[in-house]
Each structure stands twice: as structure tokens, then as C-alpha cells.
Amino acid sequence: MGEVVVFRKRRGVELVMLLLGMVVAVGGYALVNLNISGELPSGWYWGVGCYVLIGLVAHAVIRWRIPYADPLLFPLVYLLNGIGLVMINRLDLGSRPVMHSAELQLLWTAISVAVFVLVLFLLRDHHVLQRFPYLTFLAGMLILMMPLLPLIGFENHGARIWIKIGPYSFQPAELAKIVLTVAFASYLVEKREVLALAGARFLGIDLPRPRDLGPIIVMWLASLAVLIYQKDLGTSLLFFGLFVMMLYVATERPSWPILGTALFAAGAFAGWLFYGHVQVRVAAWLDPFANWDQNYQIIQGQFGMAWGGLFGTGLGLGRPNLTPLAKNDFIAAAIGEELGVAGLMAIIVLYGVIVMRGLRTALTSNDPFSKLLAAGLSFVFALQVFAIIGGVTRLLPLTGLTTPFISQGGSSLVANYAMIALLMVVTHRVRRPTPPAAEPQQSLAHDTTQVISTPPSRPADPQPVPVGAAAATTPVRTPVSADEPTAAIATPSGADAPTMAVPTPSGPDEPTTAIPTPSSADEPTTAIPTGGVPDSPDDTRPGGRLP
Amino acid sequence: MNGPIRRVAVVAMLMTLALLVNVSVSYLARQDSLNANSQNRRVTDAAFAQDRGAIMVGNTAVAETVASKDQFKFQRRYPQSELYAPVTGYFSYLFGSSELEQSYGAQLSGNDSSQFVNRLIDLATGAKPKGANIQTTLDARAQRAASNALGKLKGAVVALNPKTGAILAMVSSPTFDPNDLATHNMSDSQKAWAALTKSSAKPMSNRATREIFPPGSTFKVIVSAAALDAGYEPDSELDASSYKLPGTNTVIASNCGSRQTLARALALSCNAAFARLGVKLGADALRNQAEKFGFGTKPLSDIGSVASRFPDQIDVPQTGLASIGGFDVAASPLQMAMVAAAVRNDGVVMQPYLVESVRSADLQVLSQTRPSQLSLATSASDAAKLRQMMVGVVEGGTGWRAKVPGVTVGGKTGTANSDNKRTPYAWFISWAEDPDVAVCVFVQDAEMEATDVAGGRVAAPIAKAVIEALR
């Protein structure tokens, strides 16, 4: 018993948020130019027009192809992209002679959005990606290791994480993170039961069986290879962290992350002991002033952020060009300088919201592959932001990763847009209404189908849920207020809310209940009360139960 | 799978939180030290990009800021660059600043605590902040006359108002053009810096206050003051015959007969007589007298100055040499101008100063210098006797070239040629009654025979030119 909640499309919200983000970005562009030269550049409307048009086209395609996709993801991403364009334009104007990389970045934005649109057209259902886990994995590893190849791989600023074909350089890790996330997700969906089998117990932790340790060892060695041969701690952290996290989600065994963290720490420590470039990075992190010339960039980045202070110098009024590579690695420092601690924090929170929207999708999706894919993509994104912004602000040793959507560079932008497209396809599949009676609904009764988990011991309710039959009944009202009142079953008033809160036929125990949302922030897709035990063991219910 | 995803979400939240906390902590814990780092170009550049106030001589700016179209918005300019360089100093992007540009840097840039209210008003009204103007005590006539009279000679001229201590002229030669260092063309600036620092003539050294030299016979004024204090009179007879320094074979030859009065010995600059007198008075009395005139203290706080010295460790023959301005005695031209000024000012040494007032951009006075007494060098009656003796030097002695018709001028020549290798230092210290001024002229390379009385020949006419310029 319970009811089916169907999400609204919320494309209007997306459009409003998108326009809001555009106002911020275009305003930033105007401020930069007014502060630097006192006037808008001739032909400013071309740049602004292109930016606005590209965004609106993408929005139109989302409306058409994936109308149920998460309404916040694209506006957030496009705002970050706009802020990146503004900062790159600002750094162009601050360089002598004036550069024109913002125009190029705008072109890359167009290309990236084209790729985004292409993904939406080609990928109706992300489950097709699940078919060839081993091939995908192999492809991902090949892409990841490409910078180690002679001829095309090359080292830049101490990290060998680039390949160069003709005049174009490319960071394969950006693409590899998507491919490997897909590969891990499809592999783990197959193998998760086996991997979850307990092996020996050590220090109170259930270790996996030795024979199951194979994949984690392979991945551990791969990330050590990245650390040692590509000389980049961030990339290494990114992939190993991703893999361990996905193992954990798939198997639900805490021994994996504990083991993984220990392995990574040991590997990183050994790398620090034996490899000079790791020591250089660590020394630059702990005490950059000990070697002025070697740590010039990080010192200048620090100076910049200190100069900006709490609220920044204002766009166009700081000196971010003093920091080498301010458009790439150190764009966070440039933002910290001109928008201050407050502005940098706002950017970090924007990233955080993207990650949270992705993880929400993972929570609400109803099949393991979608869950793993959405969680993996979100987490790898979070790790990347953590590694690069943490590196720039001296929380971690500096890495050569890009700041997603903000820093200059085509490959990073294209890859991240493709990733968001993939995530949005997942959200669309998750949020769209289930075709009525397409399949028996009892499969949804498993704990993987819900935001709220159900006690594992509960016997499966074989009763199919006749969705269509219940459509005419009145929505159930609960006093819980969710952040999206229309989406949650907790809608206080059903009059204007088009929520389809569909009570299923009553069971014997609770005649008219709705399952309250586990926390007010969560957004249940299909809340199906699961019989007699409303209190699930690991999900708290803050008081949404009907009297 | 939802449990692990929730925990992953918590980890992602913790990572975000760690970034936020780290940014805040960096701001709170590191900002001040980073902004105080001397290698932080953002901070030094900001000082360079401010609308600095002007340094004024009379109603003329000798250092001013004009709008500039390059990256810095403002360009520092020195209209009479070489003439006032020893006072203004330079303000350079690469090489910092010196003299008034340095010591009054906070006021000029508008960052001084006295300008706090002005900054608030500027912030509230949106006015572009502008630094304060520095009004110097310099007199353009005296400065130009001193510079012209000194010409190409290496040396320094300092003119003081004896009643207040206000510095009317401060010339150091050779000088430099601060515009060359203030230019925004960095390679030009670097070239100029290299040339100036490598030059053996040391053009950036302010000889008037920052260097000390053996004062030669001008020190005899101080010995005379000590003698008067010890009970001598201007007509006391002194033994002026050759003087073999006790315990040595060094003989100070007589250059003015065998007996002279104290006044006449000063007028003729009798070395033997003063060496003997100095030994008789003793090193302590001489040092005490010198310190009363300001030796041992840094006399000028407005720009850098060094203390003149009378050595602490000194024996009897050395005292004899010190009495005629030799041995280890060394004084700055400013110090010797203060000696002349004190004689003119009834024995009262006034604190010398260069900055009359600091005015904000809207001409409100932020600070005003009040003349203050530094020390009492002699009694008023001894000062009157010394004045008579110094008038004697000009009227009928070695300083006759400083005579200005219709003006009472007192002076004392000096030639420091203790070292036979270099050309002698020529000194002349003097005061005049109307105009009321004390002048010290120091010429480092008086191109003439070591035996000649260089002070009278080379330095005295320069002092005369300064006094005449002020009439």
C-alpha cells in the first residue's frame, strides 16, 4: 500500500534559474569591462548573444528530449561556465598584449553544448552503456594511460597528464573519468553480490575474500602508476577514490573504503618517500615560501587571495594576471582575488549543489546501474573539485586537474558537459513517470527502489500496484514540508499541486498512510508504503506520520 | 545501496565543508602576513598606483603626480629634478623610495593614521583618494643660488634659519634625476639605477646629511666655544709657535707667528695654537662641547641623517689633532651649519627640520612643525664673543671672500687635508644677521694644492652667494 508520486517536469524552473545564471554571468562580463576600460567593448552583444543563445538552445533540447531531467543541473553548470568565461575574459584583458582566449572558450562552450545535445539525442536510455563492462573498462584504462605513450603524451608543468595531437592538447583523464565510471558501474552491477561475500575478519572489519581483491588491486596499481608516471596526485586520487566509492556503494561493505583509504595512503606515502616530484609538491604545499622560484605560482595565488580579502577587489580591479596559469589551474585563485573569500565560497557551494543533485538522483533511481552511475559521476566530480580547489587554496598538495566548467580548456569543458548530459539522462529516466502496468510493480518494493529503505527481512509483497485504477482518489496530505512540495507526497494542499499522489489499495495494517519523507530535503520518486513496518532500521523519519 | 550513497553524500559534504573552512581559515590566519610580505607585488604596486601628494617648495611642486596612461594610472614627476633630488629622493617601482618620498610615504600616499577621517570621507563620497601635500621649509632662491655656486664641484651646501632650525637650502652634488628612476619604463629605470649605483661619484648619496667628513679648521669654532666656557677671552694670548704633539714626533707647524690672541688665532686659523689649546682643555671638554652642538645625535628626522662624531677613545696627541678637525673627528655639513646657527642664535641649537607642514588634498593642515630647541651649546655672552671672533674671520682673516657689503657676516674656513693622497676637503661655515641665515659649504674635491687654504678660496664664495640670494 502507498502511493506513486510522479515528478513534475519543472522546466519552467529550469528556464528561470538559467536566466538568473545568465544575468550573473552577463553582469560579471559588463563589470569586468566597465572596471577595466570604463566601457563595454565594441561588439559586446555578440559574445553575450552567443552565450545566451547557446544556453537557450540547450534548454530547448532538454525540454524536448529529457523533460523530466533535474531542473537545477543545467542552470548551475551554465552559470559556472559563464563565470569561467567572465574570468577568462578578465584575464585576457589583464594580459599584455590583450589576449582573446575567451572567444575561443566561448567557441568551446558552443562545441561542448553541441556534444551535450548530441548525447541527449543518441542516448535515450543510459542502460545501453551497461552492455560491455570489460571493454569499457579497457577503453577507460587505455584513455587514462594515454599520456604515458611516446609521441603523443607530453609533460606540462611537471605532470604528464596531457596528450597532444597536432596543435590540439587534451587531458584524457577528463574523458577517462566518464568512461571508467560507466565501466565500474556496469561491472559492479554484475559482480556486487560476489564482492559482498565476507572473507577474513581483521580488527573488526570484514575483509573481502582474497580472490575478490583482484579488481581493487588492479585499480590500486593503476592509480599508483598515475601517481608515479603521470606525476599527478589529483588524477590518482580521483580514480582510486571513484573506484573505492563505487565498490562501497555496490557491496554496502564498509571494509572496502577502509581498505581503499589505507591502500591509497600507503601508496601515496611510498610515492612521497621514493619520488622527488611528489616531495616537491608536498613541500610546496607545506611551506611554499621556502623556495620562492619553484613555488612561484602557488605563492602568487596565495598573494592574490590575500589581496582580495573577504569581498575581493571587484571584477577587473585585482591583479590576477600576476599568477602564472591563472586561466587554467589557478582560476580559483583569480576568483578568490576578485570576488573574495565570499565569491570563492559561493563557487564551491555551486559545485556542492551539483554534487548533491547528482547524489539525489542516485538515491531516487530505481535500478542499481542508474544508482551506481549517478553516484559515481557525482562523486568523481566532487573529488575533482576538492582536489583542484583544495590544491589552489593549500588544503592539499597542488594537482594538475582542471576546475570543471570554469578553467580554460576545450577538452575539459566537452568532457564535463558530456558527463552532465549523462547525469541528466539518468535523472530524466528516474524522474519520469513509469509507464503504467509495463511491468509488475512489486519489483519496486525492494530497498533499492526507494529513498527510504525498507527492512530487509520484510517479505516481498507480491501484490501488483494498479496505478491507473487509483488515479481518481484524493491525494493524501501529510504535514511534512519538503523543499519541493509538489514532488513530495507531503503536499499540504492538493488543490493546485499536480502531484499525483496515488494511494494504493489499502493493506490490512495501515489504511490510509503515506510514507513520510525520510528527511525534509529528500524527494521520493515512488513512495510505496511497504506494509506493516513503517520504521525502517536505518532511515529516520522526522515526524511525518499521519495521526 | 541507499545507505552507502547517503554516506558518500556525507563525505562529499565534508569535502565541500573542508574547502569552505580552509578558505576561511586561510583568510583569517594568512592574509596579514601575505600582505606584509615585501615580495608581494600586489601590495607594492598598489602603493605605486596611488595619487600621491606633492612635495612643495614655496608654491612650486618639486615632486608631483600626474595622470599616466599606462598600467599604473599615475606617474611621479620631478620638475626640478636634480636641484631637489637630495630632499625629495626618488619614488621608483623597482627600487622603492628614499628621503622625503620614503619618510613621508604614508602621508603622501594618504595612508597615514592622521588621514583616516579623510579616507572615510573619500569612501563615503566616492571621491578618488588623494595623498597629502608636503610643504618643505626650503627657499627656492637659496637652493638655486647654492646649487649654481657649487656648480660641478662635488660637495654639499646647507642653509638654516638659525632662529627656527628650518632648512632653507640643502644641496648635494653630484646629484641625480629621480625621474630616471620613477619612470614606468622598467628597463630604463634599471639602467639608470645601475649607472647611479655604480658611479664612483655616488650621486645618490646625500652628502649634506648622510655622510660625515673631517671638518678641518671649522672645528676650531667648537674649540673656541669650549675655551670661552673654560674662562678664556677672545683677547687671551695663545702660544702659536710650532707644536710637537706630546709623546710623538709629529710637529704641527706654525702658520701665524709665535703668539696670537684667541680671536686672531681663529681669524688666521692657527693650527699650532688651537692644537695646544685643545690639549690644554682636554678631550672631554672638547667632546662635551661638540655634543652640546649636536654631535653624537642624528640631527634631522625628516630625512635620513647620520650622527657626527668626536671619538670616544682618544689620547693626548690625538686630541691635539682633533682640535684642528683632524684625527677621527667627522661631521656632516648639516651639523656644521648647526654650529654656525647656534653661534648666531645666542648659543641655542634649534632642531633642524625640512617639513613645514603636511596638508591634505583639501588644504587642511594635518600636521605643522613647531620649532624646538635641541640643546644649549654656549651661554649667550660666549655666543656674542664667538660672533665677534667669527666676524673677525670674514673681516680680516681667511674668510674674507664671504664678505657681503652691508651685511654682518661671521664665518670660519676649514681645509681638511689630513690625508695627503686625496684633494683636501674645503669647508666654510658662516652666519649672517640680515638675512638671518647660517650656511655651511662643504666641497669634497677642491681642485687645488693641499697647502692652500681651500676653505676660504673655494667654499666661502659659495656661502656668500647663498647669503646674497636671501637678501
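Fair warning: this is a prediction, and the values are worked out from it, not measured in the lab. (Residues numbered from 1 in each chain as written. Chains lettered and ligands numbered in written order. Predicted model: local features only at pLDDT ≥ 70, side-chain atom pairs only at ≥ 80, totals over all residues.)

Q: Break down the interface of chain A and chain B for me, citing the residues and quoting the values.
A: Contact with chain A, which involves 39 residues of that partner, is made by 26 residues of chain B. Among the secondary structure elements, those contributing two or more residues to the side of chain A that touches chain B are helix 8 (233-251), helix 11 (296-308), helix 13 (340-364) and helix 14 (368-392) of chain A. If you tally residues by element for the side of chain A that touches chain B, the top one is helix 13 of chain A, at ten residues. Of the residues contributing to the side of chain A that touches chain B, the split by class is 26 nonpolar, seven polar and six charged. (Contact = placed C-beta atoms within 7 Å. Helix = DSSP H or I, 4+ residues; strand = E, 2+ residues; numbered from the N terminus. Nonpolar A, V, L, I, M, F, W, Y, C, P; charged D, E, K, R; others polar.)

Q: Now, about the pairing of strand 7 (residues 155-160) of chain B: what can you tell me, with residues and values included?
A: All names here are of chain B. Of all six residues making up strand 7, six are buried, and the element is well covered by its neighbours. Of the two faces of strand 7, the one lined by Gly155, Val157 and Ala159 and the one lined by Ala156, Val158 and Leu160 are each fully buried. Relative to strand 19 (residues 437-443), strand 7 runs antiparallel, the two being bridged by six bridges. Along strand 19, the bridge assignment pairs Leu160 with Ala438. Judged from the six bridges that link them, strand 7 and strand 8 (residues 167-173) form a sheet pairing that is antiparallel. Looking across to strand 8, one finds that Ala159 is bridged to Ala169. Connecting strand 7 to the next strand, strand 8, in antiparallel fashion are six residues, including Gly165 with a positive phi near 90°. (Buried ≥ 20, exposed ≤ 12 C-beta atoms within 10 Å, placed from the backbone. Pairing = 2+ DSSP bridges.)

Q: So what about the sheet that holds strand 1 (residues 55-57) of chain B? Which residues, and what values?
A: Hydrogen bonds between backbone groups are what pair the strands of a sheet, and the pairing can be parallel or antiparallel. All names here are of chain B. Across the sheet, which stays open at both edges, the six strands sit in the order 3-2-1-6-14-15 with mixed pairing between neighbours. The open sheet is flanked by strand 3 (74-77) and strand 15 (365-368), the only strands paired with a single partner. The sheet shows a mean angle of 25° between the axes of neighbouring strands, direction not considered. Bridge count for strand 1 against strand 6 (residues 133-136) is two bridges, and the pairing is parallel. Note that in strand 6 the partner of Ile55 across the bridge is Ile134. Strands in contact with helix 3 (residues 81-88) are strand 1, strand 2 (60-67) and strand 6; relative to strand 2, the strand with the most contacts, it is inclined by about 90°. (Axes fitted to C-alpha atoms, helices over the stretch in contact; angles between N-to-C directions.)

Q: Describe the nonpolar core, and please don't skip the residues or the numbers.
A: If you look at the biggest cluster of nonpolar residues, it comprises 146 residues, and the most contacted ones within it are Leu242, Met246 and Val249 of chain A. Counting residues per element, this core draws most heavily on helix 14 of chain A, at 16 residues. Here Val249 of chain A is in contact with Leu372 and Ala375 of chain A together with Met1, Pro4, Ile5 and Val8 of chain B, once residues within four sequence places are set aside. (Core = buried A, V, L, I, M, F, W, Y, C linked by C-beta atoms within 7 Å.)

Q: How would you explain the sheet that holds strand 18 (residues 425-432) of chain B if you had to name every residue and give the values?
A: Residue and element names in this part refer to chain B. The antiparallel open sheet is built from five strands, whose spatial order is 8-7-19-18-17. Unpaired on one side and paired on the other, strand 8 and strand 17 (409-416) mark the two borders of the sheet. Across this sheet, the average inter-strand angle for adjacent strands is 5°, counted without regard to direction. Where strand 17 meets strand 18, eight bridges bridge the pair, whose relative direction is antiparallel. Its bridge partner lying in strand 18, Gly414 is registered against Trp427.

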